[in-house]
Amino acid sequence: MLDQNVANADSKHIAEELYKKNLELAEVNKSLALLRKIDEIVLSSVIDIKSVAHQVTDAVVSEAGFKAVYILLKDNKNRLLVPLAVSLNKSLSQIDSDLLRAIYSLKVPFTDESNIIIQAINDQKMQRTDNMFAIFKSYLTEGVCKKIQDIARIKYFHIYPLIIRDEAIGAFIISPKEESAPYFAYQENLIERLPGVISIAIDNTLLYQNIERTNIRLKELDILKDEFVSIASHELRTPLTAIKSYIWMTLNKSTDLNPQVKSYLEIAASEIEHLIKLVQNMLTISRIESQRLELTLENIDLYELVKQVFDTLKIKADEKQQTFILVPYPEKLLVSADKDKLTEVFENIIGNALKYTPDRGKITIHFSTGKDKTRIHITDTGPGISSDNQTKIFQKFGRLEEAKHNRTPGTGLGLYISKQITDLHKGSINVESELGKGSTFTVTLPMV
Ligand SMILES: Nc1ncnc2c1ncn2[C@@H]1O[C@H](COP(=O)(O)OP(=O)(O)O)[C@@H](O)[C@H]1O
Ligand SMILES: [Mg+2]
């Protein structure tokens, strides 16, 4: 009989233990589900900090059954602690609406050191109170606080500072649900983890907002820069052209120019030419970058276009005693292109070949065709370009050290602009080159 009793007591004990363990497990599961939910909220919407904070406090109240949850942030300008989000359990809905409004609009001056939230923030330490009045001092009377606590059966408030990189940015207040075993330990554990998770959520959101703002500002600055370059180039062009004309008039119309003065004027003329080209290039680049560079397309014979460039540059090749050859192409090479812009491309690439190839070198231009494509190859016996530098030359201001060193005039914008113009024509530019041997630039364009 006695044995039977012992056995009964044992099995009752085991059943109780099992029941308790089950409750504990359910509690752990809830905690995990809540943390996962907060993770999801933070990952899904980082745009608006108020909405993120609201979703988090709502989840803490509805998923894990806490009585009240507050997130307060420091408003450093007004030196006030202001609510970012507040969520209250259903049990608080019986409270008078004026009181509820007071609860929702709690604001605490930084200077109010008698307030327990300010203490938690200043000491960067968690505080716990069973007296709601310690939080709502300047808002509600002690009697009203007691009444609210009784109606909602709130026993405790845990007040945590929210800390990001050693700085308290606000506070997190949470009222636990009924504080009896076995919930207690798990609830404490969850409560302790929440401030960290919430701090990170707020930090992420603030950083994201900051990046967004900076991004918008950078875009505005970029537009301003474009406008500045565009206006500056326009304004520079007119006086530069005038100076150029006067220099030329002086050079060409004066009969009694002293040779020294003449040589100075010639240098000035060539420098002005260089400056005008630079200003024109900057104007083109500002158009390219603000997508205002438009093509006026017409069907043109590519051979004819290249031949014209060849004819104008022939004088320069002659000056350097270079062999300059254009290999004729027997058929028409029709492309749909903007004549002036494409002329600029070839003036630059063929001009480069002449410019960078030493005296008595050789520059050959020939054509080839592929499937719906035509190619123009410009081969020179110049210094060549190392493979490392072959991408650099197509970048803005991509002049190589050699070019700078030899004081060859140039801006480093020609190939960048040429590539952009060719891209607009749905074509491409490639370079094949070996140091010391020379280079071949190939422009490929779709045929009509
Ligand atoms: N045919 C070439 N041979 C050797 N180097 C070249 C050749 N074409 C271009 N480069 C190099 O590429 C750089 C960029 O060319 P480009 O954009 O036309 O600028 P720029 O001619 O004004 O210097 C040049 O400064 C030069 O260093
Ligand atoms: Mg050039």
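This text gives an overview of the structure that appears in the document. By convention here, each chain's residues receive numbers from 1 onward along its written sequence. By the order in which they are written, chains take letters starting at A while ligands take numbers starting at 1. Totals for whole chains, interfaces and linings use all residues, but because this is a predicted model, local features are given only for residues with pLDDT of at least 70 and pairs of side-chain atoms are given and counted only at 80 or more.

## Comments concerning unusual backbone geometry
And then number 1: With phi around 55 degrees, Q291 is a residue other than glycine that occupies positive phi space.
And then number 2: The residue Q291 is located in the loop between α8 (259-289) and β7 (298-301) in this model.
And then number 3: As a rule, residues whose C-beta atom has 12 or fewer other C-beta atoms within 10 Å are exposed, those with 20 or more are buried, and those in between are partly exposed; C-beta atoms are placed from the backbone. For Q291, a count of 7 C-beta atoms within 10 Å corresponds to the exposed category.
And then number 4: A positive phi angle, near 55 degrees, is found at D372, a position not held by glycine. Helix numbering and strand numbering both begin at the N terminus, where a helix is a DSSP run of H or I of at least 4 residues and a strand a DSSP run of E of at least 2.

## What about the sheet that holds strand β11 (residues 373-380)?
Either a parallel or an antiparallel arrangement is found when strands of a sheet pair, and the pairing is made through backbone hydrogen bonds.
And then number 1: Only strands joined by at least two bridges in the DSSP assignment are considered to pair. Spatially, five strands are ordered β8-β10-β11-β13-β12 in an open sheet, and the strand pairing comes out mixed. Strands at the two margins of the open sheet, each flanked by one partner only, are β8 (323-326) and β12 (428-434). Neighbour to neighbour, the strand axes of the sheet diverge by 15 degrees on average, direction disregarded.
And then number 2: Where β12 and strand β13 (residues 438-446) come together, seven bridges link them in antiparallel fashion. Residue pairing for β13: N430 is matched across the bridge by T442. Lines fitted to C-alpha atoms define the axes here, with helix axes fitted over just the stretch in contact, and angles between the N-to-C directions of these axes take values from 0 to 180 degrees.

## Some details on helix α4 (residues 116-123)
And then number 1: Listing the buried residues of α4 in full gives I116, I117, A120 and I121. The buried residues of α4 occupy an angular sector of 140 degrees when the element is viewed end-on, so they sit on one face. In α4, the exposed positions that point more than 90 degrees away from the buried face belong to N122 and D123.
And then number 2: At the C-terminal side of α4, Q124 shows a positive phi close to 50 degrees. Within this analysis, the arc is defined by the directions that extend from the helix axis to the C-beta atoms.

## What to know about the pairing of β13
And then number 1: In this structure, β11 lies alongside β13, joined through eight bridges in antiparallel fashion. Bridge pairing in β13 links H377 to T442.
And then number 2: Taken together, β12 and the strand that follows it, β13, pair antiparallel across an intervening segment of three residues, in which G436 is found at a positive phi of about 85 degrees.

## Focus: the pairing of strand β2 (residues 80-88)
And then number 1: Taken across its nine residues, β2 has seven buried, putting it largely inside the fold.
And then number 2: Across eight bridges, strand β1 (residues 68-75) lies against β2 in antiparallel orientation. Bridge assignment links Y70 to a residue of β2, and that residue is V86.
And then number 3: Counting the residues between successive antiparallel strands, the hairpin from β1 to β2 contains four residues, one of them, R79, with a positive phi of roughly 50 degrees.
And then number 4: In this structure, β2 lies alongside strand β3 (residues 108-109), joined through two bridges in antiparallel fashion. Following the sheet pairing, L80 is matched in β3 by P109.

## Quick notes on the packing of helix α10 (residues 339-356) against helix α13 (residues 414-424)
And then number 1: Taken N-terminus to C-terminus, the directions of α10 and α13 make an angle of 140 degrees; their axes are 9 Å apart at the nearest point. With respect to α13, the element α10 is oriented oblique. Between α10 and α13 lies a crossing whose hand is left-handed. Residue-level contacts link K341, L342, E344, V345, N348, I349 and N352 of α10 to G414, L415, S418, I421 and T422 of α13.
And then number 2: All residues other than Ala, Val, Leu, Ile, Met, Phe, Trp, Tyr, Cys, Pro, Asp, Glu, Lys and Arg, Gly among them, are scored as polar; the first ten of these are nonpolar and the last four charged. Within the contact of α10 with α13, the residues separate by chemical class into five nonpolar, five polar and two charged. By definition in this entry, angles of less than 35 degrees are roughly parallel, angles greater than 145 are roughly antiparallel, angles of 65 to 115 are roughly perpendicular, and the rest are oblique. A crossing counts as left-handed when the near helix is turned anticlockwise from the far one by less than a right angle, and as right-handed when that turn is clockwise. In this description, any two residues whose backbone-derived C-beta atoms lie within 7 Å of each other are considered to be in contact.

## Digging into the nonpolar core
Buried together is how nonpolar side chains tend to be arranged in soluble globular proteins.
And then number 1: Working definition: the nonpolar core is a set of buried Ala, Val, Leu, Ile, Met, Phe, Trp, Tyr and Cys residues, joined through C-beta atoms within 7 Å. In terms of nonpolar packing, the biggest core is built from 50 residues, with V56, V60, I117, A171 and F172 touching the most fellow members.
And then number 2: The element best represented in this core is helix α2 (residues 49-64), accounting for eight residues.
And then number 3: When sequence neighbours within four positions are dropped, the list of residues in contact with V56 reads I38, I41, A85, I198 and A201.
And then number 4: Ranked by size, the runner-up nonpolar core spans 32 residues in total, among them V309, F324, V335 and I421.

## Description of the sheet that holds strand β6 (residues 167-175)
And then number 1: Pairing is antiparallel in the open sheet, where six strands are placed in the order β3-β2-β1-β6-β5-β4. Looking along the sheet, the strands with just one partner apiece sit at the ends: β3 and β4 (127-129).
And then number 2: One ladder, built from seven bridges, connects strand β5 (residues 157-164) with β6; its direction is antiparallel. Following the sheet pairing, Y160 is matched in β6 by F172.

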